[in-house]
Amino acid sequence: MPTEGAIEGAAPKPSNFIRDIILEDNVSGKYGGRVHTRFPPEPNGYLHIGHAKSICLNFGLAQEFGGKCNLRFDDTNPSKEEVEYVESIIEDVKWLGFDWEDRMFYASDYFDQLYAWAVQLIRQGQAFVCDLTAEQIREYRGTPTEPGKNSPYRDRSVEENLDLFERMRLGEFPDGSRTLRTKIDMASPNFNMRDPVMYRILRAEHHRTGNKWCIYPMYDFAHGECDSIEGITHSICTLEFEDHRPLYDWYVENLGIHHPQQIEFDRLNLTSTMLSKRKLLMLVQKGFVSGWDDPRMPTLSGMRRRGYTPEGIRLFCSRIGVSKTNGIIEFALLENSLREDLNRRALRVMASVDPIRVVIDNYPDGQVEEMDAVNNPEDESAGTRKVPFSKVLYIDRDDFRENPPKQYFRLSPGREVRLRYAYFVTCTGVVKDAAGEVVEVHCTYDPATRGGNTPPDGRKVKSTIHWVSAAHALDAEARLYENLFLEDAGEEKDFTDTLNPKSLEVRTAKVEPSVKGAAPGTLYQFERVGYFCVDKDSTPDKPVFNRTVQLRDTWAKIEKAQKA
RNA sequence: UGGGAGGUCGUCUAAUGGUAAGACUGCAGACUCUGGAUCUGCGUAUCGGGGUUCGAGUCCCUGCCUCCCAGCCA
């Protein structure tokens, strides 16, 4: 498991109610001071940022208290689960920086034991085979204000139940024709206690057990039992399972087995981010995104491809805290956490994702100078590099204005700025196309300012802009991302209605030559623009960059305020 | 209108009967060869009403609001 660096160690971790519970349990000796958690994903989709919160919580708690955390696949519904998901989950949890050592399990590992326990409950007169259809079960269940009715099959003898359940397992009955139900209380105000289904008949090939079974346990009957088998002490889950806790407790109590403690916390909600596995699956299936790892997806694989770092995500998870209040975290907090990490580690490079030509008229034709540039001002050990400079350059279109607004400090006719690491240049004119669009900017440079240093006369310049030598620039594809959705969709409407048509914008960028051959996943800061990550679609001829997140842009704020 | 769980700055989290704190966001400024980073400052909160107490965000009563639950999903 990762040791949190200075970034996370700087501030003392705030406590949370789960940590408090564990602390109390350790004092009372409830589990002999043992702390054993688990992360129990269902392999029916890819992990997303919401899961990261749970992973950090479960593994983090174990780590903090010198305990263990298992990875366990909750694979009790073969109709939705696939190995592809298992593999992606393994990769994502590892990538996030956690280690379950030799403790990777599947609920399906315990199917035999679960079956035996079901038989035990039948023998104890606490479970019965029910012939009601799904619809009938629903009718018999009652409503919030009316109690349910007992199933007419509720009083079958133990022998008959044993026989029927055995024959369910043997495949003598069609799918959905019978269930094994727990005999609890049809009048309970908690629906989960109204004779809940334990097993259903379901003929589907299971990704691990194949066709060995045609009956599968329900979540409620499986989860606590799996926790129990693994010796879990604190079974941490999300708030919607609060109503299930009485049933969780009922099973382990009546089975007489180790009783882990279920604790519920608030699931992560993020502004302008959709974290429904069902809807994410739909985006993939209907082709609204290129796949589960589309950089616009809030999946861990998408975020990884986009350039998010495990450290940044872990920092975020430690900042959001854990509680039982149903809130929504501002996306800006995630971005801030990411930038904090990226700022420390990303190599700086000059590039333009919206280039415009600049000609330095008084610079000798054909001359090339190698300018020294710092790779990372936050990390001296990152060293320096040489960047070629020549007569014709590219700068960002946004760094030139023919008619500069108030407080705009960058290049404009008659104004002098610094080209980072190179020279002071003064704009002397522009060339326009037939449409009146500026296509080329002309400048003169001051040789006395080489290296970007302040000239002997001490004159200063209000702005420093970045550039790329046209003759040396690499052509690259830059993929600029915005939110996938334009607004936080209401539950009622078709969420695809609010898809953002501009969530992906592809640009041709000019990038300094030092990035040539960078491996996919390499993180850069394009100075003054944003953080970018080399995408796996890159070819030797044409690198592809994903914009991970923009830099904080004070000027954009000023300009926005001016327009308002 | 049955059951369960919650309501503290704009957002999230702390304060465990004793000065309502931190982070993010916002605004203002300093610094800067990134309008980045960094630094400084400012602002805004205990859902309402009663009560207990020297003292209440915290305890009690009461009202209001929000979320979850009627899958053979998890």
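Residues numbered from 1 in each chain as written. Chains lettered and ligands numbered in written order. Predicted model: local features only at pLDDT ≥ 70, side-chain atom pairs only at ≥ 80, totals over all residues. Heavy atoms only, no water.

A. Examining the overall build of chain A more closely. Scanning chain A from N- to C-terminus turns up 14 helices and 25 strands. Relative to a compact globule of 564 residues, whose C-alpha radius of gyration would be 24 Å, chain A shows 31 Å and is clearly more extended. Each principal axis of the C-alpha distribution contributes one length, and for chain A these read about 100 × 55 × 45 Å. Relative to its 564 residues, chain A shows a buried fraction of 53%. In chain A, the share of contacts with a sequence separation of at least 24, taken over all contacts with a separation of at least 6, comes to 70%. Roughly 25000 Å² of accessible area belongs to chain A as shown, and the carbon and sulfur atoms make up 49% of that amount. Computed over 74 positive and 88 negative side-chain charges, the separation of the two mean positions in chain A equals 3 Å. (Helix = DSSP H or I, 4+ residues; strand = E, 2+ residues; numbered from the N terminus. Rg over C-alpha atoms; globule rule 2.2 N^0.38 Å. Buried < 20%, exposed > 50% of the residue type's maximum accessible area, 1.4 Å probe, protein only. Contact = heavy atoms within 4.5 Å. Areas by Shrake-Rupley, 256 points an atom, 1.4 Å probe, with all protein chains shown as cover. Lys, Arg positive; Asp, Glu negative; His and termini not counted. Charge placed at Lys NZ, Arg CZ, Asp CG, Glu CD.)

B. Structural context of the packing of aromatic side chains. Inspection of every chain in the model, using the stated rule, returns 25 aromatic pairs. Here phenylalanine 111 and tyrosine 216 contribute two aromatic rings whose centre-to-centre distance is 5.8 Å and whose plane-to-plane angle is 70 degrees, an arrangement assigned as edge-to-face. Placement of the pair is phenylalanine 111 in helix H5 (residues 111-123) and tyrosine 216 in strand E7 (residues 215-217), with a sequence separation of 105 residues. Since its relative accessible area comes to 3%, phenylalanine 111 is described here as buried. We classify tyrosine 216 as buried; its relative accessible area is 0%. An angle of 55 degrees between the planes, with centres 5.8 Å apart, marks the rings of tyrosine 199 and phenylalanine 221 as tilted. One end of the pair, tyrosine 199, is in strand E6 (residues 197-201); the other, phenylalanine 221, is in helix H8 (residues 219-229), with 22 residues separating them in the sequence. Each member of the pair, tyrosine 199 together with phenylalanine 221, is buried. Within the aromatic cluster, the residues linked to one another by ring pairs are Phe111, Tyr115, Phe165, Tyr199, Trp213, Tyr216, Phe221, Trp250 and Tyr251. Over the face of the ring belonging to tyrosine 115 we find arginine 169, whose NZ or CZ atom lies 5.2 Å from the ring centre. (Phe/Tyr/Trp six-rings, centres within 6.5 Å; stacked < 30°, edge-to-face > 60°. Lys NZ or Arg CZ within 6 Å of the ring centre and 35° of its normal.)

C. A look at the sheet that holds strand E12 (residues 355-360). Taken in spatial order, the 7 strands make up an open sheet running E19-E16-E17-E18-E12-E15-E20, and their pairing is mixed. In this open sheet, the two edge strands, each paired with only one partner strand, are strand E19 (464-465) and strand E20 (468-469). Bridge count for strand E16 (residues 416-419) against E19 is 2 bridges, and the pairing is parallel. Within E19, the position partnered with leucine 419 by the bridge is isoleucine 465. (Pairing = 2+ DSSP bridges.)

D. Seen up close, the protein's contact with RNA strand B. The environment of RNA strand B is formed by 70 residues, the closest being Ser323, Arg348, Arg410, Gly451 and Arg528. One nitrogen or oxygen atom from the side chain of arginine 348 is found 2.5 Å from a base oxygen belonging to RNA strand B. Arginine 528 places a side-chain nitrogen or oxygen 2.5 Å from a phosphate oxygen of RNA strand B. Going through the elements one at a time, helix H6 (134-141), E6, helix H13 (331-345) and helix H14 (554-563) are the ones with two or more residues in the surface near RNA strand B. For the surface near RNA strand B, a count of residues per class yields 24 nonpolar, 24 polar and 22 charged. (Near = heavy atom within 4 Å. Polar contact = N/O pair within 3.5 Å; in protein donor to acceptor, adjacent residues only side chain to side chain. Nonpolar A, V, L, I, M, F, W, Y, C, P; charged D, E, K, R; others polar.)

E. View of the confidence of the model for chain A. Confidence in the prediction for chain A averages 95 pLDDT; 96% of positions are at 70 or higher. Segment residues 1-12: pLDDT under 50, and 18 contacts once partners within four positions in sequence are set aside and those in other chains are kept. Scored by ipTM, the complex comes to 0.97, with pTM at 0.96. (pLDDT = per-residue confidence, 0-100.)

F. Local environment of helix H7 (residues 158-170). Compared with the 18 Å implied by 1.5 Å per residue over 13 residues, the 18 Å span of H7 between its first and last C-alpha is a close match. Taken as a whole, H7 has its buried residues at Asn161, Leu164, Phe165 and Met168. All buried residues of H7 lie within an arc of 100 degrees about the axis, which places them on one face of the element. Here the buried face of H7 lies against H5, strand E4 (127-130), strand E5 (179-182), E6 and E7. Downstream of H7 by a residue or two, glycine 171 has a phi angle that is positive, lying close to 85 degrees. (Expected span 1.5 Å × (residues − 1). Arc of directions from axis to C-beta.)

G. Expanded view of the nonpolar core. Core analysis: the biggest nonpolar cluster contains 40 residues, and Ile49, Ile55, Phe59, Val93, Leu96, Ile313 and Phe316 have the highest contact counts within it. Once residues lying within four places of it in the same chain are set aside, the contact partners of isoleucine 49 are Leu268, Leu270, Leu275, Pro298, Leu300, Met303, Ile313 and Phe316. Val129, Leu164, Met198 and Phe221 belong to the second-largest nonpolar core, a separate cluster that totals 36 residues. (Core = buried A, V, L, I, M, F, W, Y, C linked by side-chain atoms within 4.5 Å.)

H. Examining the pairing of strand E13 (residues 369-374) more closely. Side chains of E13 alternate between two faces, with Glu369, Met371 and Ala373 buried and Glu370, Asp372 and Val374 left unburied. Where E13 and strand E14 (residues 384-389) come together, 6 bridges link them in antiparallel fashion. Its bridge partner lying in E14, valine 374 is registered against threonine 384.

I. Spotlight on the side chain of threonine 273. In this fold, threonine 273 is placed in the loop between strand E9 (261-265) and helix H10 (277-285). At 3.0 Å, the side chain of threonine 273 and the backbone oxygen of threonine 271 are in polar contact.

J. Focus on the sheet that holds E7. Spatial ordering of the open sheet is given by E4-E5-E6-E7, a layout of 4 strands whose pairing is antiparallel. The strands lining the two open edges of the sheet, one partner per strand, are E4 and E7. Taken pair by pair, the neighbouring strands of this sheet meet at an average axis angle of 20 degrees, ignoring direction. Inspection of the sheet shows E4 paired to E5 by 4 bridges, in the antiparallel sense. (Axes fitted to C-alpha atoms, helices over the stretch in contact; angles between N-to-C directions.)

K. Geometry of the packing of H5 against H8. Running from amino to carboxyl end, H5 crosses H8 at an angle of 115 degrees, the nearest separation of the two axes being 11 Å. As judged from the angle between their axes, H5 and H8 are roughly perpendicular. The chirality of how H5 crosses H8 is right-handed. Residues Gln113, Leu114, Trp117, Ala118 and Leu121 of H5 form the contact with H8, whose participating residues are Phe221, Ala222, Glu225 and Ile229. Tallied by class, the residues present in the contact of H5 with H8 amount to 7 nonpolar, 1 polar and 1 charged. (Parallel < 35°, antiparallel > 145°, perpendicular 65-115°, else oblique. Left-handed = near helix turned anticlockwise from the far one by under 90°.)

L. Seen up close, the domain arrangement of chain A. As assigned here, chain A comprises domain 1 (17-265) and domain 2 (348-472). The centre of domain 1, based on its C-alpha atoms, is set 63 Å off from the matching centre of domain 2. (Domains from an automatic or database assignment.)

M. Seen up close, the pairing of strand E22 (residues 504-511). One ladder, built from 2 bridges, connects strand E11 (residues 351-352) with E22; its direction is antiparallel. When the bridges of E22 are listed, alanine 351 appears paired with valine 511. Inspection of the sheet shows strand E21 (residues 474-481) paired to E22 by 8 bridges, in the antiparallel sense. Bridge assignment links tyrosine 481 to a residue of E22, and that residue is leucine 504.

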